[in-house]
Amino acid sequence: MHIDYIYGLIGGLLIGTGGAIYLIGNGRIMGASGIIGGLVDKSGWSTAAERITFLAGVFLMPLMVIQFWDRTETNITDNVVQLVAAGLLVGVGTRIANGCTSGHGVCGISRLSLRGIVATVFYIGAGGLTMATLRHVLGLI
Amino acid sequence: MRNIIAFVAGLFFGGGLVVSGMTNTAKVQGWLDVFGAWDPTLAFVMGGAMIPMAIAWAYTKGRTPVVGGSFPAKPDPKLGRNLVVGSVLFGAGWATAGLCPGPAIASLGFGGSSLWIFVAAMLGGMLIAPIFKAQLEKMDG
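The present account deals with the structure reproduced in this document. (Residues numbered from 1 in each chain as written. Chains lettered and ligands numbered in written order. Predicted model: local features only at pLDDT ≥ 70, side-chain atom pairs only at ≥ 80, totals over all residues. Heavy atoms only, no water.)

### What about the pattern of salt bridges?
How we decide: Salt bridges are counted wherever a side-chain nitrogen of Lys or Arg sits within 4 Å of a carboxyl oxygen of Asp or Glu.
Scanning the entire structure with this criterion turns up eight salt bridges over all chains. Residues participating in the shared-partner salt-bridge network are A:Asp4, A:Arg71, B:Lys27 and B:Asp39.

### Section: unusual backbone geometry
Residues apart from glycine generally show negative phi values, whereas peptide bonds are mostly found in trans. Residue and element names in this part refer to chain A. The condition is simple: Strands are runs of DSSP state E lasting at least two residues, helices are runs of H or I lasting at least four, and both sets are numbered from the N terminus onward. Each residue is placed in one exposure class: buried if its accessible area under a 1.4 Å probe, protein chains only, is under 20% of its type's maximum, exposed if it is over 50%, and partly exposed if it falls in between.
A positive phi angle, near 50°, is found at Asn75, a position not held by glycine. Following the sequence through the fold, Asn75 ends up in the loop between α3 (48–65) and α4 (80–97). For Asn75, a relative accessible area of 49% corresponds to the partly exposed category. For Asn98, which is not glycine, the phi torsion reads 65° and is therefore positive. Looking at the secondary structure, you find Asn98 in the loop between α4 and α5 (101–109).

### Thoughts on the environment of B:Leu11
What counts here: Only heavy atoms enter the contact rule, under which two residues are in contact if any of them lie within 4.5 Å.
Its place among the elements puts B:Leu11 in helix α1 (residues 2–19). Residue classification places B:Leu11 among the buried residues on the basis of a relative accessible area of 18%. Sequence separation of B:Leu11 and B:Ala106 is 95 residues, and the distance between their C-alpha atoms is 9.6 Å. The contact partners of B:Leu11, leaving out residues within four places of it in the chain, are A:Gly57, A:Val58, A:Met61 and A:Met64.

Here it is as structure tokens:
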């Protein structure tokens, strides 16, 4: 098996362990967009401290990991229009849908939530169509 | 206690995102690029993450969270416009830059200014999302 798939599986197990700790410990769903969005639109200010400490962990651990992990390329574009358009769509979309890859995907599908499954089908479908359009039809990315 | 649990969960989540390769936008865009050089790594990440999560959901039955309170009830399976429209917008943005909210925070510390531009736009999107969400919910009646 390709080494990337093995790292993917190991990383996935770590992600799921984080979600399991958050669920069993705090009784909360580890959804990145919900945790961030609740701070942005004030809807989650009553639990602001645990949201901020969670995000601090997400931000800090990679800084430690990259000290000994050499696969740290992001390949992120430096096209500002592309970044702003993508960021706006991700921000608006995840908050309208009430979840993203971690909340609807990882946490939702693992409890066989219909909403999680439907959301995941639609964001992967829309992502595939967008990719096909931007890369193969328009040749933009 | 809630904050320590959240921080530890965040450490696992952030570390897992880097190890799995999900902070590499080329791998995410590769997953969505079904008409190009398709990269299945993301399926291994999602699959790996669902193992601890499925165990955690099974564990929650008949129990309460460590900090007290109750576990989140399974959401109403009602599929409204907001779930579909939001997921489609999110998927389009996800493909455009190869980033969703979790990996964006995880690579914020080492990915350079592009990540900060993306996250700023994402936060802006999250700020204006409630306006659109209210409209969609009104249409659902």
